[in-house]
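# Observations on the three-dimensional arrangement
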Amino acid sequence: MASEVAALAAVSAAATVALSYARLATSRLAPGIPRLAALLPVLLLLPFLPFAFSSIHLRTISAFFLVWLCAFKLLLLAAGHGPLHPSLPLPRFAALFAALVSARCYRARLPAWAVPAFDGAHVYLMLELFLASAAALARALLGAELEPQFDRPYLASSLRDFWGRRWNLMVPGVLRPCVYRPVRARLGPAAGLLAAFLVSGVMHEVMFYYITLEAGTGEVAAFFALHGACAVAERWCAGRRGGGMWRLPRPVATALTLAFVTGTGSWLFFAPVIRSGLDKAIVAECEGMLAFLERAGRNPAAAARLV
């Protein structure tokens with residue numbers, strides 16, 4: 001625990017210095033090659049910072065913010081787009097997340113079809129908790145609002161609704177200006193949509209590398225490539241038939257969407273996680289953190305000495 005606190009302090013200090021430099025550099029240079037050249041040291045530094053953590057959760061969350069979101073935002077800044085702006089609710093699912101972790105012992109007893117739903121709920125609640133907590137911290141310390149993360153993804157009625165309007169909205173928030181719009185302007189909306197999914201797949205493979213510290217298998221990228229192709233087909237069919245094909249009763253459309261996301265997720269997204277035993281390591285780390293917080297609640301002085 002002490003080493004992780006020290007790593008958190010070091011990474012926070014390094015990121016603060018790097019981004020302060022980025023702010024100064026962009027304020028004095030015009031968008032384009034000069035600004036990109038000035039930001040290059042920061043862009044090269046950010047991918048190394050998450051390796052300071054041994055904790056899977058801290059390494060993954062820091063990689064998501066620094067290597068994905070921050071790097072894409074800096075690229076937009078280099079091109080003269082931005083600024084980094086947003087708005088977000090307070091954490092809502094901490095208790096439910098704790099209950100889900102506590103229920104981990106029952107996962108082995110679940111039928112095979114229910115395991116992906118359980119794992120998907122864990123991912124959703126983990127992201128909701130960490131991202132909303134980060135937003136609350138930014139609001140308290142900096143007076144800044146971060147972008148919203150989720151909008152009830154369990155109510156999605158199509159793949160485009162799920163990925164574009166409801167799931168982890170920080171990601172489409174950077175993929176739209178970085179990938180979708182430039183490709184759409186040159187090759188059309190379908191190509192822009194597919195390109196955004198392909199880049200998301202590549203970046204998820206990068207995130208998995210930070211989690212496992214091993215080369216990816218390509219299954220996660222294939223998951224997003226499949227969903228991109230299906231989203232393009234969905235868009236084409238809806239446009240060709242005036243949207244009538246997709247005007248199913250909303251509960252039916254939602255059930256079909258979630259079944260497709262869960263089924264393909266079990267096949268391609270969660271398969272490498274379960275195969276490597278990473279799911280057990282992640283939940284064990286969560287259980288350790290919950291146990292630490294429980295001990296801290298009973299004996300704050302002893303917990304402070306452990307830190």
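Everything quoted here is computed from the prediction, not taken from an experiment.

When helices and strands are counted, the protein chain shows 13 helices and zero strands. Going from the N terminus to the C terminus, the protein chain shows its helices and strands as α-α-α-α-α-α-α-α-α-α-α-α-α. The proportion of buried residues among the 307 residues of the protein chain is 41%. At a minimum sequence separation of 6, the contacts of the protein chain that also span at least 24 residues come to 70%.

Attention now goes to the packing of aromatic side chains. Taken as a whole, this structure holds 14 aromatic pairs when the rule is applied. Geometrically, the ring pair formed by Phe64 and Trp68 is edge-to-face, given 6.0 Å between the ring centres and 70° between the ring planes. Taken together, the residues span about one helical turn, with Phe64 and Trp68 both in helix α3 (residues 56-78) at a distance of four residues. Judged on exposure class, the residue Phe64 and its partner Trp68 are both buried. Judged by centre distance (5.0 Å) and plane angle (90°), the ring pair of Phe223 and Phe224 falls under edge-to-face. Here Phe223 and Phe224 have matching classes, each one buried. A network of ring pairs unites the aromatic residues Phe162, Trp163, Trp167, Phe197, Phe208, Phe223, Phe224 and Phe269 as a single cluster.

Here α3 spans 31 Å end to end across 23 residues, near enough to the 33 Å set by a 1.5 Å rise per residue. Helix geometry: α3 is bent most strongly at Cys70, by close to 35°. Burial analysis of α3 places 19 of its 23 residues in the buried class, the great majority of the element. At the exit of α3 stands Gly80, carrying a positive phi of roughly 90°.

On to helix α7 (residues 170-187), then. With 18 residues, α7 ought to run about 26 Å at 1.5 Å a step, and its terminal C-alpha atoms sit 25 Å apart, in line with that. Along its length, α7 shows its largest kink, about 55°, at Arg176, and proline Pro177 lies within four residues downstream of that point. Considered for burial, the residues of α7 that qualify are Met170, Val171, Pro172, Val174, Leu175 and Val179. Where α7 is buried, its residues contact α3, α6 (159-166) and α8 (189-212).

Attention shifts here to the UniProt feature "transmembrane region" (unreviewed entry) in the protein chain. The positions that UniProt labels "transmembrane region" (unreviewed entry) are, in the present scheme, residues 32-53, 60-80, 121-142, 190-211 and 252-270. Along residues 32-53 the backbone is 59% helical and 0% strand, and the end-to-end C-alpha distance reaches 34 Å. Spanning residues 190-211, this segment combines 100% helix with 0% strand, and its end C-alpha atoms are found 32 Å apart.

The subject of this paragraph is the environment of Leu8. One can find Leu8 in helix α1 (residues 2-28). Classification of Leu8 as partly exposed rests on a relative accessible area of 42%. The spacing of Leu8 and Pro50 is 42 residues in sequence and 9.4 Å in space, taken between C-alpha atoms.

In this section: the confidence of the model for the protein chain. Per-residue confidence for the protein chain averages 76 on the pLDDT scale, and 66% of its residues sit at or above 70. Counting contacts from residues 83-94, a segment whose pLDDT is below 50, to residues more than four positions away or on other chains yields 33 contacts.

Once that is clear, we can look at the pattern of salt bridges. Overall, the coordinates contain five salt bridges when judged by the stated rule. Notably, a salt bridge pairs Arg160 with Glu234, separated by 3.0 Å at the nearest N-O pair. Of this pair, Arg160 sits in helix α6 while Glu234 sits in helix α9 (residues 219-240); the two residues are 74 residues apart in sequence, bridging distant segments of the chain. Judged by its relative accessible area of 29%, Arg160 falls in the partly exposed class. Residue class for Glu234 comes out buried when judged on its relative accessible area of 7%. Put simply, Asp161 and Arg250 hold a salt bridge, and the shortest N to O gap is 3.8 Å. With Asp161 in helix α6 and Arg250 in helix α10 (residues 250-269), this pair connects stretches of sequence that are 89 residues apart. Through salt bridges that share partners, Asp161, Arg165, Arg166 and Arg250 make up one connected network.

Quick look at a nonpolar patch on the surface now. Together, Phe48, Phe51, Tyr209 and Leu213 line one region of the surface with nonpolar side chains, adding up to about 410 Å² of accessible area. Its location among the elements puts Phe48 in the loop between α2 (33-45) and α3. Using a relative accessible area of 59% as the deciding quantity, one classes Phe48 as exposed.

Cut-offs and rules
- Residues numbered from 1 in each chain as written.
- Predicted model: local features only at pLDDT ≥ 70, side-chain atom pairs only at ≥ 80, totals over all residues.
- Heavy atoms only, no water.
- Helix = DSSP H or I, 4+ residues; strand = E, 2+ residues; numbered from the N terminus.
- Buried < 20%, exposed > 50% of the residue type's maximum accessible area, 1.4 Å probe, protein only.
- Contact = heavy atoms within 4.5 Å.
- Phe/Tyr/Trp six-rings, centres within 6.5 Å; stacked < 30°, edge-to-face > 60°.
- Expected span 1.5 Å × (residues − 1).
- Bend = angle between axes of the 7 residues up to and from the residue.
- UniProt positions renumbered as here; feature names shortened; annotations may be inferred.
- pLDDT = per-residue confidence, 0-100.
- Salt bridge = Lys/Arg side-chain N within 4 Å of Asp/Glu carboxyl O.
- Patch = residues over 30% accessible without salt bridge, like charges linked within 9 Å, V, L, I, M, F, W, Y side chains within 5 Å.
- Areas by Shrake-Rupley, 256 points an atom, 1.4 Å probe, with all protein chains shown as cover.

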